[in-house]
Amino acid sequence: MDIRIIKSDEQYRKALEEVARLAEADPELESPAGARLELLAKLVEDYEKDRFIFNNPDPIDAILFRMEEKGLRQRDIADLLGGRNRASEILSRKRPLTLQMIRALHEKLDIPPALLVQEPRADYAAGPEIEESDVPLDVLERRGWLEAGITAKQLLSRLLAPSTSPVLLRHTQVFGSANRSNQVRIQLWLARVREIADARGYLRGRYRKEHLSFETLRYLSRLSWMPDGPRLAVNFLAERGIALVIEPHLSPTRLDGAAMIGRSGAPVIGLTIREDRLDNFWFTLMHELVHAWKHLDSETNRAIADENIEKSAKDISEIEREANEIAAEILIEKAVWRRSHAHLSPSVSAIHEFANKMQLSPAIVAGRIRHERGNYALFSKLVGFRAVRAMFPEVKWT
């Protein structure tokens, strides 16, 4: 194989196979094979450091993360951990890993030993554990999430085991909701969005970190100038390996959107279009993309969900404030906005003039005025009421 910087799991696995083959031959360090082995080992090490981002490495999270990537269930790795009962104890942090288990996990799941030898953490602020009684089967059946006759246990097994439940529930921040029922339904919604994103196999391997930047998001926002801008946004992100999933919220939540790490490691953006307006669509999309760009990580924030995103709150978290500020700047640069007639003397003509100049949807301009003035009765005809859902007729709107 050619020696190149490792950028995907497939390249990583091939490099590991080559390292194992070369190591077995035990070449002289100064020989071409020895130099090749040394270089490949370095590239593998660099990729592992980038792939497993843990400030305080935790072996259980590393195992669950790899299970998620490979689509494995607990029973699939039971033999590596001494049987089903022992596996359950290990994954619930009730029993430490043995040296034999560490060796088996490294060999079978390609998990770096340096992660597996760490002490498991116990200081998790876990989300609510989802029980079968929490699942609104009748609602989900009407929504098309499952076929008639599927039990709550089967649904939870499909959505939450093993891929999302252990990792995602512990590492999800939900802004705007403290109610247990809401939290449970948000977790179900997140799992459903990830399931839909994972089914889009054509996205795998496309994502690169440089695909999320201020310049890229600014360019994306200018698609709002086009009549079918929201659909173009889906395609634009897909070309860069980012799934944008439109899935209505589960009542009574007031969920607007979320950013999360998908099973392939690429970001997934979920939007509910709870507020069917163009200005809301573009601001929520940019807000969630900023989360994906700035705030998601494998240890603390694997998912960030936002309820009632337009509601102004004085005591919002630092990452919510940053997402709001950067999203607003991406859409309309503050320095330009402050000097514009649309800001200083807002009118229908001033809004259209500014939107034309910036090649931006008038809905975004009108939405900025409404938000800044706290008057949501202003320019109601310009914000694109009932314009977004109509662009996604394949979605089962409720």
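Right, let's walk through the structure included here. Source: prediction; values computed, not measured. (Residues numbered from 1 in each chain as written. Predicted model: local features only at pLDDT ≥ 70, side-chain atom pairs only at ≥ 80, totals over all residues. Heavy atoms only, no water.)

## What to know about the pairing of strand β4 (residues 267–271)
Thinking step 1. Burial runs high along β4: five of the five residues are buried.
Thinking step 2. Note: strand β2 (residues 243–246) against β4, four bridges, orientation parallel. When the bridges of β4 are listed, Ile 246 appears paired with Leu 271.
Thinking step 3. One ladder, built from five bridges, connects strand β3 (residues 255–261) with β4; its direction is antiparallel. Bridged to Met 260 within β4 is Val 268.
Thinking step 4. Counted along the chain from β3 to the antiparallel partner β4, the turn is five residues long, and its residue Gly 265 has a positive phi close to 95°. (Buried < 20%, exposed > 50% of the residue type's maximum accessible area, 1.4 Å probe, protein only. Helix = DSSP H or I, 4+ residues; strand = E, 2+ residues; numbered from the N terminus. Pairing = 2+ DSSP bridges.)

## A word on a negative patch on the surface
Thinking step 1. There is a patch of like negative charges on the surface, built from Asp 26, Glu 28, Glu 30 and Glu 38.
Thinking step 2. Take Glu 38: its relative accessible area is 51%, and that puts it in the exposed class. (Patch = residues over 30% accessible without salt bridge, like charges linked within 9 Å, V, L, I, M, F, W, Y side chains within 5 Å. Areas by Shrake-Rupley, 256 points an atom, 1.4 Å probe, with all protein chains shown as cover. Salt bridge = Lys/Arg side-chain N within 4 Å of Asp/Glu carboxyl O. Lys, Arg positive; Asp, Glu negative; His and termini not counted. Charge placed at Lys NZ, Arg CZ, Asp CG, Glu CD.)

## Observations concerning the pattern of salt bridges
Thinking step 1. Considering all chains together, one arrives at 13 salt bridges under this definition.
Thinking step 2. For Arg 274, the salt bridge goes to Asp 256, with nearest N and O atoms at 3.0 Å. With Arg 274 in the loop between β4 and α13 (278–294) and Asp 256 in strand β3, this pair connects stretches of sequence that are 18 residues apart.
Thinking step 3. Between Arg 277 and Glu 275 there is a salt bridge, with its nearest N and O atoms 3.5 Å apart.
Thinking step 4. Residue class for Arg 277 comes out buried when judged on its relative accessible area of 5%.
Thinking step 5. The exposure class assigned to Glu 275 is partly exposed, which follows from its relative accessible area of 25%.

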